[in-house]
Amino acid sequence: KNQVEQSPQSLIILEGKNCTLQCNYTVSPFSNLRWYKQDTGRGPVSLTIMTFSENTKSNGRYTATLDADTKQSSLHITASQLSDSASYICVVSRGSNYKLTFGKGTLLTVNP
Amino acid sequence: DTEVTQTPKHLVMGMTNKKSLKCEQHMGHRAMYWYKQKAKKPPELMFVYSYEKLSINESVPSRFSPECPNSSLLNLHLHALQPEDSALYLCASSQTPGEGLYEQYFGPGTRLTVT
């Protein structure tokens, strides 16, 4: 079954701290993996997209890693800011761009 | 311009009403999508339009009727909805629906409440 599992479900950290979110997937065939940030009541915004051959990709303070052998990805956020408070969703593409399997997301809260 | 716009932002409708959601993009994308997202759940794909033609219908009830008048516009017509249809409706677009690393750009969504 094509699934994307994320952990933790929720996370609370203090402003300025780093954190790492995890994503495990069983989606097949694998095409690419995406991380989205979604603010409450808003549409998701893409942070990174990685293919099978990419191990790491950065976007500012966000760094995503991918291990296609173990089917795991992580999203590392450095020097967190209050505006990082959002849900972070891991999405795996099964080939075509509409064949996306979404994880349930990790709800991150950054407190002052 | 990497923006997908959606109107209205909020909509409250009765079960006998007819209403429409509107989505617009000016990025030249040829694929457009409708998603439904319930609270604390991931988005669920409803429809995919490719080159203004409906290519995917994920077994969505007929009370939801999509329309793509041109390459920039996507509508979702609503009729005789149920309270369980209350959700955030997201529109997205991408260069094509096919193979490739084409990012899906999402709109801000329409918060729909059916009373």
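Residues numbered from 1 in each chain as written. Chains lettered and ligands numbered in written order. Predicted model: local features only at pLDDT ≥ 70, side-chain atom pairs only at ≥ 80, totals over all residues. Heavy atoms only, no water.

### Points about empty space enclosed by the protein
Right, on to step 1. Scanning all chains against the criterion turns up one cavity of 30 Å³ or more.
Right, on to step 2. Volume-wise, the largest cavity comes out at about 30 Å³. (1 Å grid on protein atoms, 1.4 Å probe; cavity = no way out; pocket = protein on both sides within 12 Å on 5 of 7 lines; lining within 4 Å. Points joined across faces, edges and corners; volume = space filled by probe spheres on them.)

### Concerning the interface of chain B and chain A
Right, on to step 1. Contacts between the two partners involve 24 residues from chain B and, on the opposite side, 19 residues from chain A.
Right, on to step 2. Of all residues in chain B, Pro42(B), Leu101(B) and Phe106(B) bury the most surface against chain A, accounting for 27% of the area lost on that side.
Right, on to step 3. Linking chain B with chain A are zero salt bridges.
Right, on to step 4. At the surface where chain B touches chain A, the tally comes to four residue pairs in polar contact (both at pLDDT 80 or more).
Right, on to step 5. Listed by contribution, the elements that provide at least two residues to the side of chain B that touches chain A are strand 4 (31-37), strand 5 (44-50) and strand 9 (87-94) of chain B.
Right, on to step 6. The class makeup of the residues in the side of chain B that touches chain A is 14 nonpolar, seven polar and three charged. (Contact = heavy atoms within 4.5 Å. Buried area = accessible area lost by both parts, 1.4 Å probe. Salt bridge = Lys/Arg side-chain N within 4 Å of Asp/Glu carboxyl O. Polar contact = N/O pair within 3.5 Å; in protein donor to acceptor, adjacent residues only side chain to side chain. Helix = DSSP H or I, 4+ residues; strand = E, 2+ residues; numbered from the N terminus. Nonpolar A, V, L, I, M, F, W, Y, C, P; charged D, E, K, R; others polar.)

### Details of the environment of Thr63(A)
Residues and elements named next belong to chain A.
Right, on to step 1. Following the sequence through the fold, Thr-63 ends up in strand 7 (residues 62-67).
Right, on to step 2. With relative accessibility at 23%, the residue Thr-63 sits in the partly exposed group.
Right, on to step 3. The residues contacting Thr-63, other than those within four sequence positions of it, are Thr-56, Lys-57, Ser-58, Ser-74, Leu-75 and His-76.
Right, on to step 4. Looking at Thr-63, its side chain comes within polar contact range of the side chain of Ser-58, at 3.1 Å. (Buried < 20%, exposed > 50% of the residue type's maximum accessible area, 1.4 Å probe, protein only.)

### A look at the sheet that holds strand 7 (residues 64-70) of chain B
Residue and element names in this part refer to chain B.
Right, on to step 1. Spatially, four strands are ordered 1-3-8-7 in an open sheet, and the strand pairing comes out antiparallel. At either end of the open sheet lies a strand with only one pairing partner, and these are strand 1 (4-7) and strand 7. Here the strands of the sheet are splayed against their neighbours by 20 degrees on average, with no regard to which way each runs. (Pairing = 2+ DSSP bridges. Axes fitted to C-alpha atoms, helices over the stretch in contact; angles between N-to-C directions.)

### Some remarks on the pairing of strand 9 (residues 86-93) of chain A
Residue and element names in this part refer to chain A.
Right, on to step 1. Among the eight residues that make up strand 9, eight are buried, leaving the element largely enclosed by the rest of the structure.
Right, on to step 2. Bridge count between strand 4 (residues 32-38) and strand 9: seven bridges; the pairing is antiparallel. Its bridge partner lying in strand 9, Asn-32 is registered against Ser-93.
Right, on to step 3. In this sheet, strand 11 (residues 106-111) lies alongside strand 9 in antiparallel orientation, the contact comprising three bridges. Bridge pairing links Ser-87 to Leu-107 in strand 11.
Right, on to step 4. Sheet analysis places strand 9 next to strand 10 (residues 100-102), joined by three bridges and oriented antiparallel. Looking at the pairing, Val-92 lines up with Thr-101 of strand 10.

### A look at the sheet that holds strand 6 (residues 56-59) of chain A
Residues and elements named next belong to chain A.
Right, on to step 1. Strand order in the open sheet formed by five strands is 1-3-8-7-6, with antiparallel pairing between adjacent strands. Each edge of the sheet is formed by a strand with only one pairing partner; in this case those strands are strand 1 (4-7) and strand 6. For this sheet, the mean inter-axis angle between neighbouring strands, taken without regard to orientation, is 15 degrees.
Right, on to step 2. Bridge count between strand 1 and strand 3 (residues 19-25): four bridges; the pairing is antiparallel.

### Some thoughts on the state of the cysteines
Residue and element names in this part refer to chain A.
Right, on to step 1. One pass over the full model with this rule turns up two disulfides over all chains.
Right, on to step 2. Cys-23 shares a disulfide with Cys-90; S-S distance 2.0 Å. Torsion about the S-S bond of the Cys-23 and Cys-90 cystine: about -65 degrees, corresponding to left-handed handedness. Taken together, the positions of Cys-23 in strand 3 and Cys-90 in strand 9 put the pair 67 residues apart, joining distant regions of the chain. (Disulfide = S-S within 2.5 Å.)

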